Amino acid sequence: MNVIEMKGITKRFNDLIANDNIYFDLGESEIHTLLGENGAGKTTLMNILSGMYQPDEGRIYVKGKKVNISSPEISLNLGIGMLYQHFTLVPTLSVLENILLGTNKKFFLPKKEAKKKFNEIAKQYGLHMDPDVKVWQLSLGEQQKVEIIKLFYQGLDVLILDEPTSVLTPLEIEDFFRMLKSMKESGKSVIFITHKLKEAFRISNKITVLRRGKKVEEVDLENKTEGKGKDKILNQIVEVMFKDVEPIEEAKEIPKRTMGETVLSLEEVTVKNDKGLEALHKVSFSLRRGEILGIAGVDGNGQKELAEVIAGQRKVSSGRISINGTDITNKSVKFINNKGVFYVTDDRMGEGCVGNLTLAENVILRCYKKEPFSNKGIILNLKAIEEYGEELIRSFRVKAPTAKALVKTLSGGNIQKALLAREFSQQPIILICSKPTHGLDVMTAQFILNEIKMQSSRGTSVLLISSDLEEIKELSDRIGVIFKGELLDILSNEKATREEIGRLMLGLKRKGK
Amino acid sequence: MEILRTIFSEPFFVTLLGGSLTASTPIILAAVGENFVESGGVLNLGLEGMMIIGAFAAFVVALITKNVYWGLLSGMFASVSIAVAFGYLVIYLKVNQIVAGLGIYLFGMGIASLLFRIIFGREFPVVQGITAKTPIPYLSEIPYIRSIFNQHIITYISLFLLPVSWWILYKTSYGLNVRAVGEKPIAADAHGVNVYRTRFITVMLGGLLAGLGGAFLSICDLSFFVDNITQGRGFIAIAIVMLAKWNPSRIFYGAFLFGICQSLTFGLQIVGLDVPREFILMLPYVAVIAILTILARNTHLPGAFCMPYERE
Amino acid sequence: MIVKKIIPAIGPIFAILAALITGGIILLVIGLDPIRAYSELFKLGMGTYLGITESLKRMVPLLIISAGLIIVFKAGIWNIGINGQFLIGAILVGWLAPLLINRTPLYLSFLISGLIGFLGGAIWVIIPAMLKAKYEINEIIATMMMDFVAFNFTSYLVKGPLNAYPGRFPQTTIIHLSKRLPHIPFTDIHIGLVVGLLLIIAAHFFVRRTTWGYEFRLLGENKRTALHAGINVQKVIFVGMLISGGLAGLAGANDVLGIKGAFQAEWNPGYCFAAVPLVFLARFNGIAVIPLAYFFSFLMVGGEFMSRAASVPVYFVHVIEALMLLFFSVIEYIQKKEKLFWKS
């Protein structure tokens, strides 16, 4: 019997149909992957199962009984737990308090018993953790372990994991898959959400493919005979995911560039984060004209602080940063912009733009004091601003009705394009790009990667900060790896293997060894 | 020298100490309530309005029934009603908390003054003889500090509430929920905690305590009611909660400091220092600003402070 | 096109009506006659020459204060200590203007007095401004505290050192009628109205059409984006607060020079009650402030008439103003739910 059956699920957000009449079943002791591009509707579907969203149409059955999951509490009571993509841990509370949150039905907090149970579960699955540590002190991988322990702590039968490998290095992913297999063997059912085909193939019993809100394919990997095998199924899935009316852009070759003199240089830069702890420790590297330097690393190892300190949004504790010889250490953002350094942030809505302002008002963020956008830097020239917005929409193929559209009405991919357009149009000498394609569908992602390549061929040097190895590998000339605030090594892209980079991301191989 | 001898004389000290505790009681009550509210992520700027309404309702009922307990209960009831409206506005309707808070503040002030004028006109009624202090045997006879043990029951209760509120916040499930909801509501929601209900309960608690504080002020402390009777005590309580970094024991220090400033109004006159009355009245507010300047750097506000929670 | 302009107005109009109706219910419950009260209100406020001119006169401080408020509120800075800033500006002018008038040409003394008022209000907001700019300390509390200090301080001053008539009702030197702000030709309204209108329009223009206004709006919408853009957030906060404080002080100068002629004891007009709901209902749009300011002013004037004629205390108007703010916030929620998007 199927543990979960979702029938005819439809969910709309304004004009967007996120889930369109989807049928999805989950069996016992099964790992069922929900595969699809970013934006295909996988997370939405599972948020309905976990009780965060309500479907507009459709029915859900758990163990044969029809249920109405109107809140996360009900979902949990049904034995369904979810590991969300953006963690649901409270950073200022300790690990133990997070475990107790929502799981403790009593009036008091039974800390001793909880600790005992916690340690047992941790041991059972080989996860080592101190329950009294505050969550903000943990790395992302460790936080994920806490979330997983919490799911086990509640004795849930159905586990939904949303893109769990996005915060893990290649080695950690191996451990993770091993754990999944043992979970399946102990009788649990797992729904694994990913956009990575290879992962789906490695561990699934079944794969359901979503595309643009619709279910387009379902394959049962175990019932196919040997031989007829994986390749054919793989092709089948690729076709169904990517067959498209518009052709996807090919990954363009990076045009031949001559890399010139050093444009950016960091010397022993040490930076503190918002909590006052050291985020970067004596980081030194240099960037040449026309070069793309990729900085690989798992989120939370100092990347944000690195980008901010170069962009002028954060001060150094010690060290020196210079552009073409000019010292820009601790100078203001505007000073650094004037030197030709620009920063495309990964936090689109939180930092990159203002949702309640129009597209036009957002794209002049870097140039509103200059002519023709303002007369003498005081009075805004609304017409020029609007025209500029329209022009950028056209050249970057941003899907927006006009430049007067409020940014919050645009999709993530289009916002990213607008941000890129904004920074590119300032003709940067140095461009800092942080996770430029994360969360985007493959078409938009390829478009953006191609644009970055084009920009570099025009002489812009690019500092590409990302946790996505594919992105780094496709673009970079050299690859540096950052781990716990230190720049461990810089390798040339040609020579660096994914394994090597993966090990460095875990802090395993150190420079000089 | 005379002045010093007077200040350190037993009667003066006793009056000052006792008066300070009484004066700090409304602030302690309001601050303990607001502590819960803000720990849950809500800013209640209407606290002042709730205290005024509590003070007014309590005063009127106490005047009519000549019973202090009916008065206090009415004050709490009136204030909680307003708090329910406020809670509904900001938690369920997700109205801007600053706007709603200011609206409640203005409303509370206005309606209390309006009703007072209508009921009493130009009269100035006074509540007499219905409250008394409750001295603790033996302790209330120790020289110098005896006035600590000769206070109204409500004062003892307010002091007792300080450790109790800490205990609730840090040692119970509900307190954990409150702190989680104030810091990162989506995390709490995903794990089955009802964010809205948790916050709503804190707002009601805050309303109850604000009402009790206001009621105490008009019935037990002043024995009369005037326009704007609280004179900013609600805002001072909010400032104290922020300065105390949500730690209930520190709330006492702030409230007591206010109480001393209040008491000095009489104290300095007794001593014979010829300080204009208005300067003494300014003292509490200047003290708050001074302390804000000195202490309030790097205050960590809860992550979801002042932001309404929306699931979809 | 016209329809687009009207939709934003629906919210405030509903809020006003709802508040008036609720007010009427409150009156009924208390035992007063709402119909009589409201008819007195409207009749005297709008129907008589005196009512209209008084309303126009009283509108001026609201206009000036609102000009400052729309600038800072748009930046997410909540300066609500304007009562105190007003009083400080007013008492400085009350003290110094009489000295000036006898020594300088009239118009120069007006200019200097205006400046003094502005400076007074600005100085009074410096401490909260610095606390917010440098340490992110909540400006609502800080300005409220300064408010209470101002009330007591000015009270002390006017009853003490600045009292020009010891032994009698305390006030600063009364400025002779001929030396006060002159009237607009053919009317009984002083030129402060012109100043007020100019200021509110200037503030409107400032917010929407200048680069500084853009920075304020950016800060108000998303502080992190403002930092990302390289805006000097500390400077914006500090300057914004000074402007709003200064304008509150200027309003104080206006009231002393144009209406009262002196700073009197026990005087605290409490324009904060009216100005804050006003600018919210206007959605921080300077042009919308103008009719709303007239309406609020007319409420105040009518309220005073009402208190004498229909024995409804003036506080009733405060209650109505508070209700307007609350209803407006509810209506904003409803309109958000109905997805009526517009830009104000």
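Residues numbered from 1 in each chain as written. Chains lettered and ligands numbered in written order. Predicted model: local features only at pLDDT ≥ 70, side-chain atom pairs only at ≥ 80, totals over all residues.

K.L.:
Can you lay out the overall build of chain B for me, pointing to particular residues and giving the numbers?
P.N.:
Summing up its helical and strand segments, chain B has twelve helices and two strands in all. Across chain B, helices and strands are ordered from the amino to the carboxyl terminus as α-α-α-α-α-β-β-α-α-α-α-α-α-α. Its C-alpha atoms give chain B a radius of gyration of 20 Å, near enough to 20 Å, the size a compact globule of 312 residues would have. If you line up chain B on its principal axes, its C-alpha atoms span 70 × 45 × 40 Å. Counting every position in chain B, which comprises 312 residues, the buried fraction comes to 58%. Considering only contacts within chain B whose residues lie at least 6 apart along the sequence, 79% involve residues at least 24 apart. (Helix = DSSP H or I, 4+ residues; strand = E, 2+ residues; numbered from the N terminus. Rg over C-alpha atoms; globule rule 2.2 N^0.38 Å. Buried ≥ 20, exposed ≤ 12 C-beta atoms within 10 Å, placed from the backbone. Contact = placed C-beta atoms within 7 Å.)

K.L.:
Summarise the interface of chain A and chain C; cite the residues concerned and give the values.
P.N.:
On the side of chain C, 13 residues touch chain A, which itself brings 22 residues to the contact. Those elements that provide at least two residues to the side of chain A that touches chain C are helix H10 (333-338), helix H11 (348-352) and strand S18 (379-380) of chain A. Each residue belonging to the side of chain A that touches chain C can be placed in one class, and the counts come to nine nonpolar, ten polar and three charged. (Nonpolar A, V, L, I, M, F, W, Y, C, P; charged D, E, K, R; others polar.)

K.L.:
Explain the sheet that holds strand S2 (residues 16-26) of chain A to me, and be specific about the residues and the numbers.
P.N.:
Residues and elements named next belong to chain A. Across the sheet, four strands lie side by side as S2-S1-S4-S5; this open sheet has antiparallel pairing. With partners counted over all chains shown, the strands left at the sheet margins are S2 and strand S5 (65-67), one partner each. Between one strand axis and the next, the sheet turns by 30 degrees as a mean value, whatever way the strands run. Here five bridges tie strand S1 (residues 4-13) to strand S4 (residues 57-62), and the two strands are oriented antiparallel to one another. Directly across from Thr10, in S4, lies its bridge partner Glu57. Its contacts with the sheet place helix H1 (residues 42-50) against S1, S2 and S4, and it is angled at close to 115 degrees to S1. (Pairing = 2+ DSSP bridges. Axes fitted to C-alpha atoms, helices over the stretch in contact; angles between N-to-C directions.)

K.L.:
Residue-level account of the pairing of strand S19 (residues 430-434) of chain A, with values.
P.N.:
Residues and elements named next belong to chain A. For S19, the buried fraction is high: five of the five residues fall into the buried class. Both faces of S19 are covered, namely the face carrying Ile430, Ile432 and Ser434 and the face carrying Leu431 and Cys433. Here five bridges tie S19 to strand S20 (residues 461-466), and the two strands are oriented parallel to one another. Paired with Ser434 across the bridge in S20 is Ile465. Taken together, S19, helix H15 (residues 442-457) and S20 constitute a β-α-β crossover, and its handedness is right-handed. (Right-handed = clockwise from strand over helix to strand, strands pointing away.)

K.L.:
Tell me about the confidence of the model for chain C, residues and numbers included.
P.N.:
In low-pLDDT regions, the fine details of the predicted coordinates are not to be read closely. Residues and elements named next belong to chain C. The predicted model of chain C averages 88 in pLDDT, with 95% of residues at 70 or higher. Segment residues 340-344: pLDDT under 50, and eight contacts once partners within four positions in sequence are set aside and those in other chains are kept. Here the predicted complex carries an ipTM of 0.87, next to a pTM of 0.89. (pLDDT = per-residue confidence, 0-100.)

K.L.:
Can you lay out helix H2 (residues 10-39) of chain B for me, pointing to particular residues and giving the numbers?
P.N.:
All names here are of chain B. Taking 1.5 Å as the rise per residue, H2 with 30 residues should run 44 Å; its terminal C-alpha atoms sit 41 Å apart, in good agreement. If you look at H2, its biggest bend is around 35 degrees, right at Thr25, and the proline Pro26 turns up within four residues after that. The buried fraction of H2 is high, at 24 of 30 residues. Two residues or fewer after H2 comes Gly41, characterised by a positive phi angle close to 100 degrees. (Expected span 1.5 Å × (residues − 1). Bend = angle between axes of the 7 residues up to and from the residue.)

K.L.:
Before we move on, can you summarise helix H17 (residues 498-505) of chain A with the specific residues and values?
P.N.:
All names here are of chain A. Every buried residue of H17 is accounted for by Ile501, Gly502, Leu504 and Met505. Within H17, the buried residues cover an arc of 165 degrees as seen down the axis, which keeps them to one side. Taken from the residues just after H17, Gly507 is the one with a positive phi, measuring 80 degrees. (Arc of directions from axis to C-beta.)

K.L.:
Which residues make up the pairing of strand S13 (residues 292-296) of chain A, and what are the values?
P.N.:
Residues and elements named next belong to chain A. Counting buried residues along S13, five of its five residues qualify, which places the element largely inside the surrounding structure. The alternating pattern of S13 places Ile292, Gly294 and Ala296 and Leu293 and Ile295 on opposite faces, both of which are buried. Pairing of S13 with S20, which is carried by five bridges, proceeds in the parallel orientation. Along S20, the bridge assignment pairs Ile292 with Val462. Taken together, the four bridges between S13 and strand S21 (residues 478-483) define a ladder with parallel strand orientation. What sits directly across from Leu293, in S21, is Arg478.

K.L.:
Talk me through the packing of H2 of chain B against helix H9 (residues 195-222) of chain B; I want residue IDs and the actual numbers.
P.N.:
Relative orientation of the contacting elements H2 of chain B and H9 of chain B amounts to 170 degrees, with a least axis distance of 7 Å. Classified by the interaxial angle, the pair formed by H2 of chain B and H9 of chain B is roughly antiparallel. (Parallel < 35°, antiparallel > 145°, perpendicular 65-115°, else oblique.)

K.L.:
Tell me about the interface of chain B and chain C, and name the residues and values.
P.N.:
Of the residues lining the interface, 39 residues belong to chain B; the matching set on chain C comes to 36 residues. Elements with a minimum of two residues in the side of chain B that touches chain C: helix H5 (97-120), helix H10 (233-243) and helix H12 (277-295) of chain B. A per-element tally of the side of chain B that touches chain C places H5 of chain B first, with 14 residues. For the side of chain B that touches chain C, a count of residues per class yields 28 nonpolar, seven polar and four charged.

K.L.:
A description of the sheet that holds strand S10 (residues 214-220) of chain A should follow, citing residues and the corresponding values.
P.N.:
Residues and elements named next belong to chain A. The six strands lie next to each other as S6-S7-S8-S3-S9-S10, forming an open sheet whose pairing is mixed. Since the sheet does not close on itself, it has two edges, and those belong to strand S6 (80-83) and S10, each with one partner. When the angles between neighbouring strand axes are averaged without regard to direction, this sheet yields 15 degrees. The pairing of S6 with strand S7 (residues 158-162) spans four bridges and is classified as parallel. Considered in S7, the bridge of Leu83 is made with Leu161.

K.L.:
Give me the lowdown on the packing of helix H3 (residues 47-65) of chain B against H9 of chain B, citing residues and values where you can.
P.N.:
Residues and elements named next belong to chain B. Orientation of H3 relative to H9, taken along the N-to-C sense of each, is 50 degrees, at an axis distance of 7 Å. By the angle between their directions, the pair H3 and H9 is classed as oblique. As for the relative orientation of H3 and H9, their crossing is right-handed in sense. Contacts from Leu47, Met50, Met51, Ile52, Gly54, Ala55, Ala58, Phe59 and Ala62 of H3 reach H9 at Gly207, Ala210, Gly211, Leu212, Gly213, Gly214, Ala215, Leu217, Ser218 and Ile219. Grouping the amino acids of the contact of H3 with H9 by side-chain chemistry returns 13 nonpolar, six polar and no charged. (Left-handed = near helix turned anticlockwise from the far one by under 90°.)

K.L.:
How would you sum up the nonpolar core? Please name residues and give values.
P.N.:
Within the largest apolar cluster, 372 residues are counted, with the highest numbers of intra-cluster contacts made by Ile432 of chain A, Ile240 of chain B together with Ala275, Leu278, Val279 and Val289 of chain C. Excluding anything up to four places from it in sequence, Leu278 of chain C contacts Leu62, Ser66, Val289, Leu292, Ala293 and Phe296 of chain C. (Core = buried A, V, L, I, M, F, W, Y, C linked by C-beta atoms within 7 Å.)

K.L.:
Would you mind going over the environment of Ala229 of chain C in detail, with residue names and values included?
P.N.:
For Ala229 of chain C, the position within the fold is in the loop between helix H9 (223-228) and helix H10 (233-260). With 26 C-beta atoms counted inside 10 Å, the residue Ala229 of chain C sits in the buried group. Once you skip the residues sitting within four places of it in the chain, Ala229 of chain C turns out to touch Leu365 of chain A together with Leu218 of chain C.

K.L.:
Give a description of the environment of Trp267 of chain C that names residues and reports values.
P.N.:
Residues and elements named next belong to chain C. When you line up the elements, Trp267 lands in the loop between H10 and helix H11 (271-281). Judged by C-beta crowding, with 18 C-beta atoms within 10 Å, Trp267 ranks as partly exposed. For the pair Trp267 and Ala229, spaced 38 residues apart in sequence, the C-alpha separation works out to 45 Å.

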